[in-house]
Structure formats: C-alpha cells, structure tokens
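Structural features, examined
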Amino acid sequence: MIAAPIADHATADPPRSGPMRRVALAGGIAYLVTFAASIPQLALFAPLVADPAGFVSAPGGDLAVRWGSLLEIVTAAACVATAVALYPVTRRVSRTAAIGFVTSRVVEAVLILVGVLCVLTVVTLQAQPAAGTEASRVAAEALVAMRQWSFLVGPGLLPGVNALLLGYIMYRSRLVPRLIPVVGLVGAPIILVSATGTLFGAWEQVSAVGAAGALPVALWELSLGVYLTVKGFRPVPAATGG
C-alpha cells in the first residue's frame, strides 16, 4: 500500500472542529464512560463475590447486583464504542492494528456480558423457592466463579492487548503527545504478566499486586480519554500502513 499522510485526508480540518475533532471527542468520551461505569461494580458485586452461597440463600438484597450489572452493560457498550469511534482515524495509520483493536474490544465486551449473565442468573436462583438448597448454593458458587474468570480474561487481560494495538497506532501517528502511548506500551506487558500471575494462582486480581499491575494501563486509558475529550487529535501528518 502506498503511504499517504493523514493530514492529506483529515487534519486539514481546524483542530477544534470538523470530522477529526468529532472522532476524537467520541472516542475520548467513550473511554471516560468505561471508567465511570466500571469502577463502582467492584463494590456493588463485592458481597456476591465474597459469599455466593450466602447470597443465594438470603431473600432480597439484590438491588446492588442489578445496578452493578447495568453498569457492566454500559461498560461493555463503551468498550466497543472506543474502538469503533476511533476506527476512521486508526485505520489510516495501520489497518491491521485498527481491526485488531476493534476485535479485541469486542471480545472484551462479550466477556464482560458473560459475567453479567452469570450474576443475573444468581439473582434468579435467589428468587426461587429452592434458593437455600445445596444444589442452588453450588450453582451460585459455579456461576460466580465463571464471572470471576471472565472478568480476569476480559477486563483483566485484554486491556494489555488493547494498549499494545492502540498505543502503537498513537505512538506512530503522533496524534497525541507521545508520552501518553508510551505509558500504554510500557503498561501493556505489565498487566499481561499480572493477569498471567493471577491465572496461575500467584496472587488475586483484586489485590495490591493486581492493582499495581493494572495501574499503568489504567493511567494510559484515562489520560488518552481526557486528552481526546479536551484537546482532540494533534494536527500532525502520519503515514498509512498495512
């Protein structure tokens, strides 16, 4: 493919208006929505995750889980929105990386929704006449375990893949200050190692080690979201790639 600068196609627009600014704003807001929606679910799901059998045996008390599930659905939608909104720009830098980023975000969203279905099924079990039986308690434990594993592979592992793909695009294109994608590119292997350690039982995902491993990628995503929302893309040329 013959290289052509992004500036020839889009950055001729004034930096505060035009298609490029709208793409940046949409992508930035989507990133910020993922933060706003995803953080509260840790507290909302905490009682269920800590004691699934006790949760399913006690009537009522499911409002927090329902709210957490709604926020997780919003998070999944915003996940996909970040990649889809930015695709008109990212594909001009590297079509392969752009498609990979969209795919990774969709897979992450699907895994989030799998977790939502698991916890909502526990809510259904809680409302059944046989909620206190051994079978229902075992089913609740299994469903919450599935939710935890989907949470590890989805929001735990795939953000590292996302950071590698989008970080590469943003670093190569210089559409944002290079320090921002550098944080993502450095944080990507850290969170991948952290998630792998959790997979093999070295530490819990919700732990000091897990939080430290996720922090650089969280900073990358937050700083990118804020920059795109407030500033938009920088009007600099970048070549298209394969």
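Further up the page is the structure itself.
Let me begin by describing the structure that accompanies this report.

Criteria and cut-off values
- Residues numbered from 1 in each chain as written.
- Predicted model: local features only at pLDDT ≥ 70, side-chain atom pairs only at ≥ 80, totals over all residues.
- Heavy atoms only, no water.
- Salt bridge = Lys/Arg side-chain N within 4 Å of Asp/Glu carboxyl O.
- Buried < 20%, exposed > 50% of the residue type's maximum accessible area, 1.4 Å probe, protein only.
- Helix = DSSP H or I, 4+ residues; strand = E, 2+ residues; numbered from the N terminus.
- Contact = heavy atoms within 4.5 Å.
- Axes fitted to C-alpha atoms, helices over the stretch in contact; angles between N-to-C directions.
- Parallel < 35°, antiparallel > 145°, perpendicular 65-115°, else oblique.
- Nonpolar A, V, L, I, M, F, W, Y, C, P; charged D, E, K, R; others polar.
- Phe/Tyr/Trp six-rings, centres within 6.5 Å; stacked < 30°, edge-to-face > 60°.
- Lys NZ or Arg CZ within 6 Å of the ring centre and 35° of its normal.
- Left-handed = near helix turned anticlockwise from the far one by under 90°.

1. What about the pattern of salt bridges?
- Applying the stated criterion to the full structure yields four salt bridges.
- Ionic pairing is found between arginine 66 and aspartate 62, a salt bridge with its closest N-O pair at 3.2 Å.
- Among the residues examined, aspartate 62 registers a relative accessible area of 17% and is labelled buried.
- A salt bridge links arginine 105 to glutamate 108, with the nearest nitrogen and oxygen atoms 3.0 Å apart. One end of the pair, arginine 105, and the other, glutamate 108, are both in helix H7 (residues 95-126), three residues apart, so they sit about a helical turn from each other.

2. Regarding unusual backbone geometry
- Look at arginine 174: it is not a glycine, yet its phi comes out positive at around 60 degrees.
- Along the chain, the position of arginine 174 falls in the loop between helix H8 (134-173) and helix H9 (179-199).
- By relative accessible area, arginine 174 is classed as partly exposed at 42%.

3. A short note on the side chain of threonine 198
- Its place among the elements puts threonine 198 in helix H9.
- Non-local contacts of threonine 198, meaning those with residues more than four positions away in its chain, are made with Leu152, Trp203, Glu204 and Gln205.

4. Re the packing of helix H6 (residues 63-93) against H7
- Where H6 meets H7, the axes come as close as 9 Å, and the angle between the chain directions of the two elements is 175 degrees. Regarding the angle of H6 to H7, the classification is roughly antiparallel.
- Residue classes in the contact of H6 with H7 are distributed as 20 nonpolar, four polar and six charged.

5. Section: the packing of aromatic side chains
- Enumeration over the complete set of coordinates arrives at zero aromatic pairs.
- Seen from the ring of phenylalanine 151, arginine 147 lies directly overhead, with NZ or CZ sitting 4.6 Å from the centre.
- If you follow arginine 178 out to its NZ or CZ, it ends over the ring of tyrosine 171, 3.9 Å from the centre.

6. As for the packing of helix H2 (residues 18-38) against H6
- Interhelical geometry of H2 versus H6 gives an angle of 155 degrees and a closest axis separation of 8 Å. With respect to each other, H2 and H6 are oriented roughly antiparallel. For the element pair H2 and H6, the recorded crossing hand is left-handed. In this structure, H2 uses Met20, Val23, Ala26, Gly27, Ala30, Tyr31, Val33, Thr34, Ala37 and Ser38 to contact H6, whose residues at the interface are Leu71, Val74, Thr75, Ala78, Cys79, Ala81, Thr82, Ala85, Leu86, Pro88, Val89 and Arg92.
- Its residues placed into classes, the contact of H2 with H6 shows 16 nonpolar, five polar and one charged.

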